[in-house]
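Coordinate inspection notes
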Amino acid sequence: MEQKIADIDRQHFISFEGIDYSGKTTQINLLQAFLQKKGYSVYVLREPGGTVISEKIRDILLDRNHHEMSERAEIFLYSAARVQLVSEKIIPLLKEGYFIIADRYVDSTTAYQGYGRGLDLEMVKQINSAATFGLMPSITFYMEITPEQAQQRRLESGAGADRLEGAGIDFYQRVFNGYKELIRKEPDRFRVINAMQSVNSIHKKIIDLLEDHL
Ligand SMILES: Nc1ncnc2c1ncn2[C@@H]1O[C@H](COP(=O)(O)OP(=O)(O)O)[C@@H](O)[C@H]1O
Ligand SMILES: [Mg+2]
């Protein structure tokens, strides 16, 4: 059965976007705890991943040995993972009244595969729409940090590079510009956060913006 999403309340479906090391996971953990204290049942989704099948696809996507993966294979894998996530988790949990926080969602595909890898943006849009059944978050927090600043944080954290993170600063600059374009096109959904502030002031800002939104 195909999913019907027209009657689903998206108010409690939110997402976080931004390049790696922008602080998404840090803020999501804080927000999750905050919302749970308020009495919400909260479910955090990690993209790509979040279901058994999607996690297996994630392993393929992030394997550093897969240098030969074509850009189209990459977008279809991300999208296949997303179809499973939307049908198995997002839609049923929203219907059960959960607050859903997505650690990356469809905007990442547009930014990375569209703007970053250079796939045709109209094709990306159609694939995204098919993969999500048209279900979008009601609000998206964009953690803004430049590729240079992100690189600095990565060096400080002492982490190695996975296949995507090894892609280089030019790639990240295109992704960064792609996010800017996305925000320009959908100013009502995005909330742009200066991700270079302290963890705590960002958390406070996000709570303020979310409370205004709800
Ligand atoms: N506001 C902040 N200021 C300084 N460092 C931060 C901040 N937020 C997160 N970090 C650090 O940056 C790194 C990446 O954070 P993380 O939340 O994992 O980012 P993402 O999930 O976007 O990749 C971690 O080492 C984290 O401790
Ligand atoms: Mg993260």
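Conventions used here
- Residues numbered from 1 in each chain as written.
- Chains lettered and ligands numbered in written order.
- Predicted model: local features only at pLDDT ≥ 70, side-chain atom pairs only at ≥ 80, totals over all residues.
- Heavy atoms only, no water.
- UniProt positions renumbered as here; feature names shortened; annotations may be inferred.
- Helix = DSSP H or I, 4+ residues; strand = E, 2+ residues; numbered from the N terminus.
- Buried < 20%, exposed > 50% of the residue type's maximum accessible area, 1.4 Å probe, protein only.
- Near = heavy atom within 4 Å.
- Polar contact = N/O pair within 3.5 Å; in protein donor to acceptor, adjacent residues only side chain to side chain.
- Areas by Shrake-Rupley, 256 points an atom, 1.4 Å probe, with all protein chains shown as cover.
- Nonpolar A, V, L, I, M, F, W, Y, C, P; charged D, E, K, R; others polar.

In the annotation of an unreviewed UniProt entry, the protein chain is listed under the name Thymidylate kinase and assigned to Caldithrix abyssi. Under the UniProt heading Function (unreviewed entry), the entry covering the protein chain gives this text: "Phosphorylation of dTMP to form dTDP in both de novo and salvage pathways of dTTP synthesis." As recorded by UniProt, the Catalytic activity (unreviewed entry) comment attached to the protein chain reads in full: "dTMP + ATP = dTDP + ADP".

Examining unusual backbone geometry
Trans peptide bonds make up the majority, and among non-glycine residues the majority have a negative phi. At the junction of E47 and P48, the peptide bond is cis and its omega measures out at -10° in the coordinates. Here P48 shows up in the loop between strand 2 (42-46) and helix 2 (52-62). Even without glycine at this site, R104 takes up a positive phi of about 80°. Here R104 lies in the loop between strand 3 (99-103) and helix 4 (106-116). Exposure remark for R104: the relative accessible area of 11% places this residue in the buried category.

Description of the site of ligand 1
Taken together, 14 residues form the shell around ligand 1, and within it Y21, K24, T25, T26 and Q197 come nearest. At 2.5 Å from an oxygen atom of ligand 1 is found a side-chain nitrogen or oxygen belonging to T26. The backbone of Q197 places a nitrogen or oxygen atom 2.9 Å from a nitrogen atom of ligand 1. If ligand 1 stood free it would expose 560 Å²; the protein chains cover 67% of that surface. At 3 residues, helix 1 (residues 24-37) tops the list of elements feeding residues into the shell around ligand 1. Taken together, the residues of the shell around ligand 1 break down into 5 nonpolar, 6 polar and 3 charged.

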